[in-house]
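Summary of structural features
So the chains spell out like this:
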Amino acid sequence: MKKFLALMLVVLMVVSLAGCAADAQNQTEAPVADAKYSAGTYTGVGKGNNGDITVEVTLTDSEISEIVIKEHKETAGLADAPLRDIPAAIIAGQTLAVDTVAGATFASNGVIAAVTAALESAGVDVSTLQIKDESASAQVAIEDAEYDVVVIGAGGAGLSAAIKAVNSGAEKVVVVEKMPFAGGNTLLSYAELACANNWLQEEKGIEDSPEQFAKEMWEGGGMLARKEMVDMVANNALDAALWLRDYVGVEYQDYLVHEGGHSVARAVEPIELGAGMITPLVKKAEELGVEIKYNTKAEEFVQNAEGRVTGVLVSAGESTAVLTAKSGVVLASGGFGANIEMREQYNKRWPTVGESVQTTNSPAIVGDGIIMAENIGAQLEGMEHIQLYPFNNPMTGVFYGIEAPSWSGEGLIYVNIDGNRFVNEMGMRDVRAEAILAQEGPVYAIYNQEVADRLNLEAKFADEYEKCLEGGVYYKADTLEEIAEYFDINADNLVQTMADYNKYMEAGVDEAFGRTTAMVPMQQGPWFILKGVVSVHHTMGGVMIDTEAHVIDTEGNVMPGLYAAGEVTGSVHGNNRVGTCAISDITVFGRIAGENAATGK
Ligand code: ADP
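Here is a short report on the structure shown in this document. (Residues numbered from 1 in each chain as written. Predicted model: local features only at pLDDT ≥ 70, side-chain atom pairs only at ≥ 80, totals over all residues. Heavy atoms only, no water.)

**Description of the overall build of the protein**
- Assigned secondary structure in the protein consists of 17 helices and 23 strands.
- Taking 601 residues into account, the globule formula puts the C-alpha radius of gyration at 25 Å, and the protein, at 25 Å, falls close to it.
- Viewed in the frame of its principal axes, the protein has a C-alpha envelope of about 80 × 65 × 45 Å.
- Across the 601 residues that make up the protein, the buried fraction comes to 59%.
- Within the protein, contacts between residues separated by at least 24 positions form 73% of all contacts whose residues are at least 6 apart in sequence.
- Computed over 39 positive and 85 negative side-chain charges, the inter-centroid distance for the protein is 4 Å. (Helix = DSSP H or I, 4+ residues; strand = E, 2+ residues; numbered from the N terminus. Rg over C-alpha atoms; globule rule 2.2 N^0.38 Å. Buried < 20%, exposed > 50% of the residue type's maximum accessible area, 1.4 Å probe, protein only. Contact = heavy atoms within 4.5 Å. Lys, Arg positive; Asp, Glu negative; His and termini not counted. Charge placed at Lys NZ, Arg CZ, Asp CG, Glu CD.)

**Considerations on the sheet that holds strand 8 (residues 252-257)**
- Read from one edge of the open sheet, three strands run 7-9-8, paired in antiparallel fashion. On the outer flanks of this sheet lie strand 7 (193-194) and strand 8, each paired with one strand and no other.
- In the sheet, strand 7 pairs with strand 9 (residues 267-270) via two bridges, with the strands oriented antiparallel. Each residue of the ladder has a partner; that of alanine 194, found in strand 9, is alanine 267. (Pairing = 2+ DSSP bridges.)

**Concerning the packing of helix 1 (residues 80-93) against helix 2 (residues 105-121)**
- In the contact formed by helix 1 and helix 2, the axes pass within 9 Å of each other and the chain directions differ by 45°. The pairing of helix 1 with helix 2 is recorded here as oblique in orientation. The way helix 1 lies across helix 2 gives a crossing that is right-handed. In this structure, helix 1 uses Pro82, Leu83, Ile86, Pro87 and Ile90 to contact helix 2, whose residues at the interface are Ala107, Ser108, Val111, Ile112 and Val115.
- Tallied by class, residues from the contact of helix 1 with helix 2 come to nine nonpolar, one polar and no charged. (Axes fitted to C-alpha atoms, helices over the stretch in contact; angles between N-to-C directions. Parallel < 35°, antiparallel > 145°, perpendicular 65-115°, else oblique. Left-handed = near helix turned anticlockwise from the far one by under 90°. Nonpolar A, V, L, I, M, F, W, Y, C, P; charged D, E, K, R; others polar.)

**As for the site of the ligand**
- In the vicinity of the ligand there are 27 residues, among which Glu177, Asn185, Thr186, Asp368 and Glu567 approach most closely.
- Glycine 183 is positioned such that a nitrogen or oxygen atom in its backbone is 3.2 Å from an oxygen atom of the ligand.
- Within the side chain of threonine 186, a nitrogen or oxygen atom sits 2.5 Å from an oxygen atom of the ligand.
- Residue assignment for the shell around the ligand shows that the elements contributing at least two residues are helix 3 (156-167), helix 4 (184-188) and strand 11 (297-303).
- Here the shell around the ligand takes three residues from helix 4, the largest share from any one element.
- Class assignment of the residues belonging to the shell around the ligand gives a composition of ten nonpolar, eleven polar and six charged. (Near = heavy atom within 4 Å. Polar contact = N/O pair within 3.5 Å; in protein donor to acceptor, adjacent residues only side chain to side chain.)

**Observations concerning the environment of asparagine 49**
- Counting through the fold element by element, asparagine 49 comes out in the loop between strand 2 (40-47) and strand 3 (52-59).
- Residue classification places asparagine 49 among the partly exposed residues on the basis of a relative accessible area of 25%.

**Concerning the packing of helix 7 (residues 227-248) against helix 8 (residues 273-287)**
- Relative orientation of the contacting elements helix 7 and helix 8 amounts to 60°, with a least axis distance of 10 Å. Taken together, the axis directions place helix 7 and helix 8 in an arrangement best described as oblique. Of the two elements, helix 7 crosses helix 8, and the hand of that crossing is left-handed. Along the contact surface, helix 7 presents Trp243, Leu244, Tyr247 and Val248, while helix 8 presents Met277, Pro280, Leu281 and Lys284.
- Classifying every residue of the contact of helix 7 with helix 8 by side-chain character gives seven nonpolar, no polar and one charged.

**Details of the pattern of salt bridges**
- Under the definition given, this model contains 26 salt bridges.
- Here arginine 226 ties to glutamate 228 by a salt bridge, and the two come within 3.5 Å at their closest N and O atoms.
- Residue classification places arginine 226 among the partly exposed residues on the basis of a relative accessible area of 22%.
- According to the relative accessible area criterion, glutamate 228 is partly exposed, its value standing at 42%. (Salt bridge = Lys/Arg side-chain N within 4 Å of Asp/Glu carboxyl O.)

**Notes on the nonpolar core**
- With 196 residues, the main nonpolar core has Leu119, Phe301, Tyr447 and Phe589 as its most contacted residues.
- Contacts of leucine 119, omitting those with residues within four sequence positions, involve Val57, Leu59, Ile64, Leu96, Val124, Val126 and Leu129. (Core = buried A, V, L, I, M, F, W, Y, C linked by side-chain atoms within 4.5 Å.)

**Some remarks on the pairing of strand 13 (residues 319-331)**
- In this sheet, strand 13 lies alongside strand 5 (residues 145-152) in parallel orientation, the contact comprising seven bridges. Of the residues in strand 13, the one forming a bridge with valine 150 is valine 329.
- As defined by bridge partners, strand 12 (residues 309-316) adjoins strand 13 across six bridges and the pair is classed as antiparallel. Bridge pairing in strand 13 places valine 312 opposite leucine 323.
- The turn linking strand 12 back onto strand 13 is made up of two residues, and glycine 317 within it adopts a positive phi angle of 60°.
- In terms of strand pairing, strand 13 meets strand 23 (residues 558-564) through three bridges, oriented parallel.

**Focus: the environment of asparagine 185**
- Residue placement: asparagine 185 occurs in helix 4.
- Between the alpha carbons of asparagine 185 and histidine 538 there is a distance of 9.3 Å; along the sequence they are 353 residues apart.
- A polar side-chain atom of asparagine 185 sits 3.4 Å from a polar atom in the side chain of glutamate 567.

**Quick word on unusual backbone geometry**
- In the segment running from glycine 525 into proline 526, the intervening peptide bond is cis, with an omega of -5°.
- Backbone geometry at methionine 223 places phi at a positive 55°, although glycine is not the residue there.
- Examined against the element boundaries, methionine 223 turns out to sit in the loop between helix 6 (210-220) and helix 7.
- One non-glycine residue, alanine 549, lies in the positive phi region at around 65°.
- Examined against the element boundaries, alanine 549 turns out to sit in the loop between strand 21 (542-543) and strand 22 (550-552).
- Judged by its relative accessible area of 0%, alanine 549 is buried.

Set out below in structure tokens:
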């Protein structure tokens, strides 16, 4: 499952000018005549995406010499670039008029605001530092170059492909990434990977098999995926997980995740969620000498006279270049969940996936690679299958960490404004989304203190609860009547609904909606209630590939030189991606694509 709000890491980051004296910190020196600044170290706080960002700014009498990020709650991976680059840019330009990092605007502005506050507390007239010098932001030109393998997109699929390409003999491998940081939707997800017979299942005595996994994944996708593609994922997912754990260095939790559509708990989850997968992948790729070119966008494929894909035309700022691939090109640029026009063009299932529906996706995920491949004759497949994640925070359109009981084998019910349940809350995403859209008015998720305590939710997600309470999308109270009143839900019905639910859970048979997993009664408060909306989450369609990750053209032929993996492909999930199967898919096919691009298979 792809879920936002990865574990927050408090990172201490120091950016300083060469030659800056360490002992200048923590003390204010005597003012110097004609000095521009009052030398010393000043603290400032700004609002980031997830909370306060605190910085310490050191001034000499003539310049901003050091900026230290003392504390923040930003998402690891996603905020790495602004936390690193904004202080560096402020120091390099001695200005507050620096560009924000694309895709990380809130964190960027939070750092700028914190530095501004620190300067103000030093008595600096910040208005003089807020005037933009256009000449300062000129980009470095990009040049033509030759590689063995060129990978498009530094998400989970692309990074897996790049690493595997080096392992398979490619000497020069480049990954082009249009954002200033790696990760894509993989980073925003919880990076849960479904794999049968994994180490935690063995420990817990859970019986499973790749065949059972494949059957459930295929049936969950409406039996519309090509079964051989599903088998490939199911048969190789455990190898992929062991590779991530033992070779790449991803650290996993000691519990399993159980999403709707799986008959048993079978997904492993990195301790640091999406960042816990992307950070080690980037590190391993860099150790192996893979070049990652950030802020570099793939524009179109280059082909030779025979039609073989021989490279990629890329752009960076104003300049363009051709990156030639002697052996192969891997397309791993993700889906099109953040492209409203494409969503509307292809959608057949939902009443709307237009502007009124938010997305859990990175703003970079706009279908670039699908369009590029289609332009040179690739076959597209399943483009009409767009997944709505059923229950998200209405303030952001992104999943709630605090809806964790929904995938953790715990109790949680959904109710409508009438206080009635309306669906099996542990069912498939498409079924839940459909049921939510069928309700008049908003929908709510409810669980009790015991559930929250078993998952340690209040400690784990303290900031999210606070933010959601402030935003009016979450409430906690002792009685069902109180939570009903807060959201204007029919209280009598809600009390009856919970009594019925408990009766079913205790009897082990959900007579209302046929729920068979997470059969957990909830007898007493305090109660937690969240308001939810559907959001575009995953686009199942994309470029057609075969089991060797070759891209297939509209005539059914392999397109020489071109491989694809991950959400950009359309052959694996049918009409509904079962939760926690995306990471299995992108890692399995990322590795296959990288190996075959390197060996020319
Ligand atoms: P997957 O799960 O398939 O790996 P992700 O969404 O995790 O997909 O990653 C896709 C990556 O591709 C993102 O980091 C995104 O910024 C990048 N990307 C998308 N379009 C382009 C493009 N035209 N050029 C370079 N990178 C791109």
